[in-house]
Amino acid sequence: MSDESRPTVIEEPRLTTRRRRARRRLPRHVVVAMPLALAGLISLLVSGNTLRPFERITTIQAKMASKSDYFKDPEVQRLLLEHGIRVEIQRLGSRGIAQQSLKGMDVVFPSGQPAAMIILDKENRTLDSVRPFVTPLVLATFRDYAETLEAQGVAKPQKSGGDTLYYNLDMDKFTELLDGEGADKGAGPADTWNAIGFSTVNKGESNGGRVLVRTSSVCESNSAGTYLSILSFVQNKQRVPVAEDQVLDLAKQVKPLINLQGMWADEQADSYFSGEGESIAPIAVIYEHQFLAHQLAYYKKHKKQDTERVLLYPTPYALTEPQLIGLTDEGDRLVEIIKTDTELRQRATELGFRVRFSGEEGSSEQLNAYLRQHEIQVPARNRDQTKVDIPDLNVLEQIINYVGNCEASEEAAP
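Residues numbered from 1 in each chain as written. Predicted model: local features only at pLDDT ≥ 70, side-chain atom pairs only at ≥ 80, totals over all residues. Heavy atoms only, no water.

> Mind laying out the pairing of strand β7 (residues 166-170), listing which residues take part and the relevant values?
Within β7, four of the five residues are buried, leaving the element largely enclosed by the surrounding structure. In terms of strand pairing, strand β6 (residues 155-157) meets β7 through three bridges, oriented antiparallel. Residue pairing for β7: Ala155 is matched across the bridge by Leu169. Where β7 and strand β9 (residues 309-315) come together, five bridges link them in parallel fashion. Each bridged residue has a counterpart across the sheet, and for Tyr166 the counterpart in β9 is Leu311. (Buried < 20%, exposed > 50% of the residue type's maximum accessible area, 1.4 Å probe, protein only. Helix = DSSP H or I, 4+ residues; strand = E, 2+ residues; numbered from the N terminus. Pairing = 2+ DSSP bridges.)

Right, dumping it as structure tokens:
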């Protein structure tokens, strides 16, 4: 058979199939992290902070005294970040702030008016500032010591029955325990806690140490300077010292009341609230807001008040007025935010401050309502409303320098 007559065989086409590649699985750690990442994105969307990492954050340089606690609060820091601001703080005493160079600073925040006045006087331009809140100066102590003073007729509880957190302290009587002369005034030893009845009031307890008040450095801090103003006012028969020719005599009367206070420290509140606070100093000078902030935090953790720690409210009393002072445009912006942001003002109340409204000295009602809401005893208004006014700046400086043996500081450059 020829090739031409042979039948043609047609082969069926072959189908070629590609081998399917195995799908890559996401690593297990990626799978686990995805819900967290999604939750974080949702949180940013809800809070309006989605673009926060891409926004410009202005870092403000600040020198602050004890009220730096406010700007170190995490909630305050969060609220300021919403305005694009972060505050970097150098902490030191109010008087130290006023006497040092302020070069490179955007704001300063002394804890009282004397230091604020020094700063405002030495600057060569009008400065924007705000006094957002006030807080009374107080003596912080422990219940055993407060009850000893009560038995001596020196302190009176604000609430009868139960464990009060607050006592009113008669400063005229109290200073007689601080002069180092004892009950016989020159004839006997200095007043000790046992000598005024501590071991009697507190069975099984004993303290042969002298009755002292621990203060921060009078040369550096506003709290010590304010305490010194109270002592000067009391020693001057409840009059503000004004005559410069009498200042030295008054300073000589006050100096023993301060010099016998033991070693000074920079920050009394930290020591007082520590576990060893009572052994460090039975009585310490602090601010009311520090005590109230402690009580609020303690209640949140333990569902009860810290009834072992109590306050002595001096009679006459002194209010301190911290002043935030802007030194640059960035500083002025922070001042304006503190003036106008309602959430920041509310947070100040939650931290124990008496927030100012419409020029008032301090609104206690908002603070009192917050304390009641959180089951913290509210400080009672003292019927004796005698207030210690700060002496003339030159008079106060002379008393401070004499009592504290403060080194004369050279005028710091602005």
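So much for the structure itself; the text now carries on.
> A description of the state of the cysteines should follow, citing residues and the corresponding values.
Under the criterion given, the structure shown has one disulfide. A sulfur-sulfur distance of 2.0 Å marks the disulfide that ties Cys219 to Cys406. Measuring handedness by torsion sign, the sulfur bridge of Cys219 and Cys406 sits at about -90° and is left-handed. In this pair, Cys219 is assigned in the loop between α8 (198-201) and α9 (222-235) and Cys406 in the segment after α17 (393-404), connecting sequence segments 187 residues apart. Taking relative accessible area as the criterion, Cys219 reaches 14% and is therefore assigned buried. Overall, Cys406 belongs to the buried group, its relative accessible area being 14%. (Disulfide = S-S within 2.5 Å.)

> So what's going on with empty space enclosed by the protein? Residues and values would help.
Empty space among the atoms becomes apparent when a probe as large as a water molecule is rolled across them. For the structure shown, the criterion picks out one cavity of 30 Å³ or more. Taken together, 14 residues make up the lining of the largest cavity; nearest its centre are Arg95, Pro114, Ala115, Asn222 and Ile400. Mapped onto the lining of the largest cavity, the elements with two or more residues apiece are α4 (94-99), α5 (113-122), α9 and α17. If you tally residues by element for the lining of the largest cavity, the top one is α9, at four residues. (1 Å grid on protein atoms, 1.4 Å probe; cavity = no way out; pocket = protein on both sides within 12 Å on 5 of 7 lines; lining within 4 Å. Points joined across faces, edges and corners; volume = space filled by probe spheres on them.)

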